[in-house]
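# Analysis of the macromolecular model
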Amino acid sequence: MKLKNVSHYAIYDQKFDNWKSEVLDRWTYDDFVRDPQYKKKWISITSLAYHQPSDAVYLGIGSFSAELLWKFDRKAKTITSCGYEKVGEPFDAKFHRSLELDGNTLYGGVALFHDIDKQFTAKGGRLVKYDINTGEFTFLARPCPPAYIQSIALDRKRRIIYGFGAVPEVFFRYDIDTGKSRVIAHIGNAAEFCEAHNPVIDKDGNVYEWGTFSTDKLKNIPSSSETGKLTQISAYSPDTDEMTFFDHGLSRTDDPADKSKPDTSILGPDGMIYIGTDAGSLIRLDPATAQAELLCCPSPESRRLPALAFHPENRLLYGICGEHYKTKLFAYNTEKRELVFSQDVVCEQDGLRPDRIHHMIFAGSNTIYAGENDNNDRSSYLWELELEN
């Protein structure tokens, strides 16, 4: 099922021509807030959720104006605000990779944009519940103050929300029925920002996280054909309430700059975890052994693989990789271990392309929705990708 048609839809459609000349490496958080165009219209679409009963896609975005949740009506092709800006706090900046749907309830976690000088004013990210039927927001907890929430994963069976907080980088859990939350572990170090876009829950309820080895373990990096020691794998068991830190990382490519750092991860129908890395490679991890295997680089010339989704019927793994307007949609057959196709993502009507994609989902069997982010030339779009029958 290859790509047939590409369309795009805008919350705002503002062009920016001063990124390199004025903004880059010069502006602080306060500068963005003071500028009316950047505050309201320089947005990124960072998280998506499809609500089948209403045939609507919910968009979590990054915005300096706290307009963080929007609804795309697939039939009317319109995008409307859900009104988060009316109930949010001043430093609420985005639903990064933190929308989780459970029936008619949408859970989210609020991330930050602000600089460190705001840390004594900003209160920390909140978990929020949105009732799709009533349009009401309910704030559940601040699970890791003063940190904000980068991403969440919902265990629907155990009714637990897991998440990554930043900064500092932490891994937390929130129990929905008791309303209690706690930080389980710190997952950062002194070397660099290390957490991936999202935690992933395996079929047994264990939660996999990704961290970066501290600098004292980076002295003897193995060859590229071996398992890398730059990204450390860890797992949390809700049954034992214990973390396991494995003494190995993810597979690496031949690129010397490849740190085997996860961009995104997803649980497959075969029980395996599939990981896209910031080097653009696709990796499979077996939860039974925590061993990782490099499958392919869907577009060898591309970096970044932040978006993966399994087709709801044919079990092919779809993904979008690349950046700087060189994004590609691909499909991979996990059973045959082969790349099915790879195509440029470009709208034939106007020739526009996404700068980069942050998240993707299926809505039905033939349509993919992809959220664009970090476009420095214009407001980011919602992209609609129709597949052949």
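First things first, this report covers the structure right here in the doc. Computed from a predicted model, the values in this text were never measured in an experiment. Within any chain, residue numbers begin from 1 and follow the written order of that chain's sequence. Restriction of local features to residues with pLDDT of at least 70 applies here, the model being predicted, together with a cutoff of 80 or more for giving and counting side-chain atom pairs; totals for whole chains, interfaces and linings are based on all residues. Note that water and hydrogens are dropped before the side-chain values are worked out from all heavy atoms of the structure.

The subject of this paragraph is the overall build of the chain. By the criteria applied, helices consist of DSSP H or I runs no shorter than four residues and strands consist of E runs no shorter than two, each listed in order from the N terminus. Along the backbone of the chain there are three helices and 28 strands. As defined in this context, the radius of gyration uses C-alpha atoms, and a globule is described by 2.2 Å times the residue total to the power 0.38. Taken against the 2.2 N^0.38 rule, which gives 21 Å for 389 residues, the C-alpha radius of gyration of the chain at 20 Å falls within 12% of a compact globule. Put simply, the chain has 389 residues, and 58% of those count as buried. Whether two residues are in contact is decided by their heavy atoms: any pair within 4.5 Å suffices. Look at the contacts in the chain between residues 6 or more apart in sequence, and 51% of them connect residues 24 or more apart. The Shrake-Rupley method, run with a 1.4 Å probe, gives the accessible areas here. Residue values count only the displayed protein chains as cover. Surface summary for the chain: the accessible area is close to 16500 Å², and the carbon and sulfur share equals 46%. Under the counting rule used here, the positive set is Lys and Arg, the negative set is Asp and Glu, and His together with the chain ends is not counted. The atoms used to mark charge sites are NZ of Lys, CZ of Arg, CG of Asp and CD of Glu. The distance from the centre of the 46 positive side-chain charges to the centre of the 57 negative ones in the chain is 2 Å. We call a residue buried when its accessible area falls under 20% of the maximum for its residue type, exposed when it is over 50%, and partly exposed in between, using a 1.4 Å probe and counting protein chains only.

Another point: the packing of aromatic side chains. Classification of ring pairs uses Phe, Tyr and Trp, with its six-membered ring standing for Trp, and accepts pairs whose centres are within 6.5 Å; under 30 degrees between planes counts as stacked, over 60 as edge-to-face, and the remaining range as tilted. Summed over all chains, the structure comprises 28 aromatic pairs. Here tyrosine 38 and tryptophan 42 contribute two aromatic rings whose centre-to-centre distance is 5.8 Å and whose plane-to-plane angle is 65°, an arrangement assigned as edge-to-face. Judged by its relative accessible area of 2%, tyrosine 38 is buried. Note on phenylalanine 64 and phenylalanine 113: the rings are 4.7 Å apart at their centroids and 35° apart in plane angle, and the pair reads as tilted. Placement of the pair is phenylalanine 64 in the loop between strand S3 (56–62) and strand S4 (69–73) and phenylalanine 113 in the loop between strand S7 (105–109) and strand S8 (127–131), with a sequence separation of 49 residues. Judged by relative accessible area, phenylalanine 113 falls into the partly exposed class, the value being 27%. By way of ring pairs, the aromatic residues Phe16, Trp19, Trp27, Tyr29, Phe32, Tyr38, Trp42, Phe64, Phe91 and Phe113 are connected into one cluster. Cation over ring: arginine 126 sits above phenylalanine 139, and NZ or CZ is 3.5 Å from the ring centre. Charge-over-ring placement is defined geometrically: NZ (Lys) or CZ (Arg) within 6 Å of the ring centre, and within 35 degrees of the ring normal. The residue whose ring lies beneath arginine 378 is tyrosine 381, and the NZ or CZ to ring-centre distance is 3.9 Å.

Bringing empty space enclosed by the protein into the picture now. A cavity, in this analysis, means grid points on a 1 Å lattice covering only the protein atoms where a 1.4 Å probe fits yet has no way out; a pocket is instead an open set bounded by protein on both sides within 12 Å along at least five of seven lines, and a residue lines either one if it has an atom within 4 Å of a point. Grid points are joined across faces, edges and corners, and a volume is the space filled by probe spheres set on the points. Summed over all chains, the structure comprises one cavity of 30 Å³ or more. In terms of lining residues, the largest cavity is bounded by Leu69, Phe95, Leu99, Leu106, Tyr107, Gly108, Val128, Tyr130 and Phe137. Breaking the lining of the largest cavity down by element, the ones donating at least two residues are S7 and S8. Three categories are distinguished: nonpolar for Ala, Val, Leu, Ile, Met, Phe, Trp, Tyr, Cys and Pro, charged for Asp, Glu, Lys and Arg, and polar for the others, with Gly belonging to the last. Taken together, the residues of the lining of the largest cavity sort by class into eight nonpolar, one polar and no charged.

What follows covers the sheet that holds strand S11 (residues 160–166). Spatially, four strands are ordered S10-S11-S12-S13 in an open sheet, and the strand pairing comes out antiparallel. A strand with exactly one partner marks an edge of an open sheet, and here the two such strands are strand S10 (148–155) and strand S13 (180–186). Averaged over all pairs of adjacent strands, the angle between their axes in this sheet comes to 25°, without regard to strand direction. Pairing of S10 with S11 involves seven bridges; the strand directions are antiparallel. Across the sheet, leucine 154 pairs through a bridge with isoleucine 161, a residue of S11. Only strands joined by at least two bridges in the DSSP assignment are considered to pair. Helix axes are fitted to C-alpha atoms over the stretch in contact, other axes to C-alpha atoms as well, and angles between N-to-C directions run from 0 to 180 degrees.

Space inside the largest pocket adds up to approximately 990 Å³. In terms of lining, the largest pocket is formed by 40 residues, of which the most central are Glu100, Arg156, Ile266, Leu267 and His359. Elements that contribute at least two residues to the lining of the largest pocket include exactly strand S2 (44–51), strand S6 (99–102), S10, strand S14 (200–201), strand S18 (262–267), strand S22 (307–310) and strand S26 (357–362). Across the lining of the largest pocket, the residue classes tally to 21 nonpolar, ten polar and nine charged. Taken as a whole, the second largest pocket spans an internal volume of roughly 580 Å³.

Moving on: the side chain of serine 265. Structurally, the position occupied by serine 265 is in strand S18. We classify serine 265 as buried; its relative accessible area is 4%.

Moving on to the nonpolar core. With 28 residues, the main nonpolar core has Tyr58, Leu69, Phe95, Leu106 and Tyr130 as its most contacted residues. Listed by contribution, the elements that provide at least two residues to this core are helix H1 (19–23), helix H2 (29–34), S3, S6 and S8. Those residues in contact with leucine 106, other than ones at most four positions away along the chain, are Ala49, Tyr58, Leu69, Leu99, Glu100, Leu101, Val128, Lys129 and Tyr130. Counting 21 residues, the second largest nonpolar core, distinct from the first, contains Leu316, Cys347, Ala370 and Leu387. Take the buried Ala, Val, Leu, Ile, Met, Phe, Trp, Tyr and Cys residues and link them wherever side-chain atoms come within 4.5 Å; each set so joined is a nonpolar core.

This brings us to the pairing of S26. Of all six residues making up S26, six are buried, and the element is well covered by its neighbours. In this structure, S26 lies alongside strand S27 (residues 367–372), joined through five bridges in antiparallel fashion. Within the sheet, the bridge partner assigned to methionine 360 lies in S27 and is alanine 370. The antiparallel pairing of S26 with S27 creates a hairpin that spans four residues between the two strands, and glycine 364 there sits at a positive phi of about 80°.

The pairing of strands in a sheet happens through backbone hydrogen bonds and is either parallel or antiparallel. Judged by pairing direction, the sheet is antiparallel, and its four strands sit side by side in the order S22-S23-S24-S25 without closing on themselves. Because the sheet does not close on itself, it has two edges, and the strands there are S22 and strand S25 (338–344). Between one strand axis and the next, the sheet turns through 20° on average, direction left out of account. Sheet topology note: the S22/strand S23 (residues 317–321) ladder contains four bridges and is antiparallel. Paired with alanine 307 across the bridge in S23 is isoleucine 320.

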